[in-house]
Amino acid sequence: MARRGIRLAALALGLGVAGTAMAQDRQGDVNVFVDGGVGGYTGDLGELSATGPTWGVTLNLQPYKMLGFEVGYDGSKNDVTDDRFRAAEAPSFIRHGATTLLKVSPPFEKVRPFVGAGLGVSYVYVRGAGAGDRYSSDLMQEVPLAAGLEFNSGALTAGIRGTWRVLVDDNFADGAVPGDASGALVDGTLTVGGRF
């Protein structure tokens, strides 16, 4: 028990020293931005759906020059291209999700490239008549991996980014293919917002 307490105290002290050192590079940025772009599924899911619009809103905290944290909402719409449906009856995959992202970037101010990874959860529902037993609504987990470029000038921020979302427990199209439908979600977006 005493050893465990000593280890915890040493860990807390180490984190405190590291936090103090990092605080010297503190930037104090808070960004809020909206984004829009295009995205689509890969794998089995990509063979069943078309590329479609994506949208979102994000709160970005940049407590240190090299480290940022995002939390946001994102959504997408992808029409089903399954030729077992007539065009007038084809449903769409509508996705609404919440994402957190940890970002790492060089200590640049005006133009900042970044990479990031995080966790997310999305609800995909199938809109349209005739989806039958091939498609069903589903709650799924995601692991977003992102890379991009941000441009900062005074109170404005803008950027471009690409995100690859590894889908976990994506069962909304399992009835449309033999076995388990697999795939990821890839999107490219433009961002614009304000800095505080």
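Refer to the structure above for everything that follows.
Anyway, here's the lowdown on the structure attached to this text. Just so it is clear, the structure is predicted and the values come from calculations on it, not from any experiment.

Section: the pairing of strand β4 (residues 92–104)
Working step 1: One ladder, built from 13 bridges, connects strand β3 (residues 67–79) with β4; its direction is antiparallel. Among the inter-strand pairings, Phe-69 is bridged to a residue of β4, identified as Leu-102.
Working step 2: With 13 bridges joining them, β4 and strand β5 (residues 111–127) adopt antiparallel strand pairing. Along β5, the bridge assignment pairs Val-104 with Val-115.

Describing the nonpolar core
Working step 1: The biggest cluster of nonpolar side chains holds 13 residues, and the ones touching the most others in it are Tyr-41, Leu-45, Phe-93, Val-124, Tyr-135, Leu-167 and Phe-172.
Working step 2: When residues of this core are traced back to their parent elements, those giving at least two are α2 (43–48) and β5.
Working step 3: Once you skip the residues sitting within four places of it in the chain, Val-124 turns out to touch Tyr-41, Phe-93, Ile-94, Arg-95, Ser-137, Asp-138, Met-140 and Phe-172.

Observations regarding the environment of Arg-127
Working step 1: Among the secondary structure elements, Arg-127 is positioned in strand β5.
Working step 2: Here the alpha-carbon distance between Arg-127 and Ser-137, two residues 10 residues apart in the chain, equals 9.0 Å.
Working step 3: With residues up to four places along the chain from it excluded, the contact list for Arg-127 reads Lys-77, Pro-91, Ser-92 and Ile-94.

Points about the packing of aromatic side chains
Working step 1: Tallying each qualifying case throughout the model produces two aromatic pairs.
Working step 2: For the ring pair Tyr-41 and Phe-93, a centre distance of 6.1 Å and an interplane angle of 90 degrees mean the geometry is edge-to-face. A residue pair is termed long-range when its members are at least 10 positions apart, and Tyr-41 in strand β1 (residues 26–41) and Phe-93 in strand β4 qualify at 52 residues.
Working step 3: On the accessibility criterion, Phe-93 (0% relative accessible area) is buried.
Working step 4: For the pair Tyr-123 and Tyr-125, a centre-to-centre distance of 6.4 Å together with 25 degrees between the ring planes defines the contact as stacked.
Working step 5: Its end group placed over the ring of Phe-114, Lys-103 keeps NZ or CZ at 4.6 Å from the ring centre.

Rules and cut-offs
Per-chain numbering applies: the sequence of each chain, read as written, is numbered from 1 onward. Where totals are concerned, whole chains, interfaces and linings use all residues; where local detail is concerned, this predicted model gives features only for residues with pLDDT of at least 70, and gives and counts side-chain atom pairs only at 80 or more. As a rule here, side-chain values cover all heavy atoms of the structure and leave hydrogens and water aside. One requirement defines pairing of two strands: DSSP has to find at least two bridges between them. Secondary structure counts use DSSP, requiring at least four H or I residues in a row for a helix and at least two E residues in a row for a strand, with both numbered from the N terminus. The nonpolar core is taken to be a set of buried Ala, Val, Leu, Ile, Met, Phe, Trp, Tyr and Cys residues, with the residues joined through side-chain atoms within 4.5 Å. In this scheme, a residue with accessible area under 20% of its type's maximum is buried, one over 50% is exposed, and one in between is partly exposed, where area comes from a 1.4 Å probe on protein chains only. Note on definitions: a residue-residue contact is assigned when non-hydrogen atoms from the two residues lie within 4.5 Å. Side-chain rings of Phe, Tyr and Trp (the six-membered ring for Trp) are treated as a pair once their centres are within 6.5 Å; stacked means planes under 30 degrees apart, edge-to-face means over 60, and tilted covers the remaining angles. Put simply, a charge is over a ring when the Lys NZ or the Arg CZ is close to the ring centre, within 6 Å, and near the line of the ring normal, within 35 degrees.

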